[in-house]
Amino acid sequence: MSLLFPRKHPSLPQNDTPALQAKRKWQLAHSRLSYVWDDQNPNVGPVPMAKSVPKEATPTLTWSVNVIRVLIPIVENLVANVKDELQLAEVQSHLSEITQALEAAKVGAHWPLITHTSHTLKDLVALFQDLVKKELQQESSQEQQELGVQAYRDQFKTLDLPSVADVFTQNQSFARYRIAGPNPMLIKRLTEPMASFPLSDTDFKQVMGNDDSLAKAITDKRVYVVDYKELSVLVDHPQAANKRVFAPIALFAVAKTGSELCPVAIQMGQDAAHSPTVLAVTDTQDAAAFWQWQAAMSTVQVADGNYHELFVHLGRTHLLNEAFAVATERELAQNHPVNILLTPHFEGTLFINNSAAGSLIAAGGPIESIFGAQISATQKAAALDRLSLDFYAYMLPNDLAARGVADKDYLSDYPYRDDAQLVWDAIATWSKHYVEVYYQNDAAVVNDYELAKWVSAVATQGAVTGFKAIESRPQLAEVLTMIIFTASAQHAAVNFPQKPLMSFAPALTGATWCEAPSAITTQAQWIANMAPLQKSLQQLSLLQILGGVYYRQLGDYQTNNFPYFDWFEDKQITQSGGPLAQFKSSLASIETTINARNQHRPEYNVLLPSKIPVSINI
Ligand SMILES: [Fe+2]
């Protein structure tokens, strides 16, 4: 179905004439031919996906040009890392052809431009993949041992070195990853001592001081934990004895007088009886204790990298919204108000998911190369997480409450929570207003037979756990809020830290490169545990792309095809001071609030509305 023109005359199916109802039915039957469920995808199955990407769901010209612009400097950086001079001359000439081709493309000749751009992007991606492949085939060099961390810094030859490279060994940075990093979704407040991590009060006091105690800190709501037990399946299936993933538990506390989250101790695995516990140290006087602590932090960072990419990013944003994108096309007619609201929030999602499932997480792909567990176990873990995620429980307010971190009086420094709540509330108001325009009362929701089929499709064919009948306007608004928030803010929060916080491998990577990180007591051992340089170059190149493409902004609703008309036509939505204007105004005011917050905290900018794309498209 064409997305060229705005959707006119939104209406609920029960309000249409029999002739219009028949037309809707015909249109949906036609749409179901293009949007076909598939729970047998070889890499993410049984997670339901679209069997193929319909032509209308392929990326827009603007998106492709954006990707090319992001990709060119990354390829240039790869080229600068190439040591083979013959190969270098060849790729430089190829890259210059591509750059010239992009410059020669003139807006105006639209169709030739689309073809041209698509070829240019394909050429560039092929060049990128070829360069990475050749790099990975290189013999491992001595640079890693000789130059240490500097060798990784040197790989950012033409790209800006992320600032985390200067501070990643600090305890403060380690703690900050939990509250303002790529995965701010795991930290939870401890309400009682953990049986699986029986830290002694003596150990707690050694880090937090003799005037504090673990019991008192728990009572005061000052103890927090990240527990990677869900990674146990990865622990059991390492790629090699020296390329693996652990499932550690890290404990943090806020001091009696202060607001900063401080690391206290790390238990290196789930089994307390056999997993060493490493206490946080802040100085380098005892070198063995210092490097052991650094290795323990690295082990948590690797676990977090896996938890982030497989669960929080791929499963809970990309693959979750795939189910809604497919069900919406199959069950809600194109003039259904919910279809009209959601469609712009699915722009690019099926395409990028198809690409992620087909290459990123496929055997032989970058996940297998960079991450530590066997690829089949990695795929199964991602699928299981997505399928077991409870839709209502994962709504922001419910998730924060369940983790004991909703109350700002405790863990007062939690940038993700504070900014996400603002955006959630703005989307909730927009959804409420939108729903109230088209549904006069709760009965209208119950009588919407297309919506009922959509719910059923999402729950069964889409395999979204906990998805249940929608019986009121507030419930419908809440569901729409969750889908829109996931497509926009949540994906932004977990996608864009990939560039600044995940592309420098010594700070965070996908595998622990030794058998027993708890045995590390020297700097040389700690460096040897880092990803090989070829892998770190692959990691930085990939994550600079994934964390670098911004396409369309939340609140910016346009058609998908040139010349990109405004999407909404209904005056009830678009009128001055109406629901859409109010939504945009809320986003502008959130922008101001977050900018003001950033004057008084280390910058956290991923939830600035101007940096939140409207859909998952990268
Ligand atoms: Fe993404």
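The structure this text deals with has already been given above.
These remarks concern the structure in this document.

Each value, and the rule that gives it
- Residues numbered from 1 in each chain as written.
- Predicted model: local features only at pLDDT ≥ 70, side-chain atom pairs only at ≥ 80, totals over all residues.
- Heavy atoms only, no water.
- Axes fitted to C-alpha atoms, helices over the stretch in contact; angles between N-to-C directions.
- Helix = DSSP H or I, 4+ residues; strand = E, 2+ residues; numbered from the N terminus.
- Contact = heavy atoms within 4.5 Å.
- Nonpolar A, V, L, I, M, F, W, Y, C, P; charged D, E, K, R; others polar.
- Polar contact = N/O pair within 3.5 Å; in protein donor to acceptor, adjacent residues only side chain to side chain.
- Pairing = 2+ DSSP bridges.

Comments concerning the packing of helix α1 (residues 18–34) against helix α11 (residues 287–331)
In the contact formed by α1 and α11, the axes pass within 7 Å of each other and the chain directions differ by 140°. For the pair α1 and α11, contact is made by L28, S31 and R32 and by E329, R330 and E331, respectively. Of the residues assigned to the contact of α1 with α11, the class counts are one nonpolar, one polar and four charged.

What about the environment of S610?
Relative to the helices and strands, S610 is located in the segment after α25 (579–597). In the structure, S610 is positioned 212 residues away from N398 in sequence and 26 Å away in space, judged by C-alpha atoms. With residues near it in sequence (within four places) discarded, S610 still touches Q553 and E591. A polar contact is formed between the side chain of S610 and the side chain of E591, at a distance of 2.5 Å.

Points about the sheet that holds strand β5 (residues 249–254)
The strand order across the open sheet built from five strands is β3-β4-β5-β6-β7, with neighbouring strands paired in antiparallel fashion. Of all the strands in the sheet, the pair left with one neighbour each is β3 (188–189) and β7 (277–279). Two strands pair when backbone bridges link them, and β3 and strand β4 (residues 223–227) are joined in this way by two bridges, in the antiparallel orientation. Across the sheet, K188 pairs through a bridge with V225, a residue of β4. Here helix α7 (residues 171–180) sits on the sheet in contact with β4, β5 and β6 (261–267), set at roughly 90° to β6.

Function cannot be inferred from these measures alone, as they are strictly geometric.
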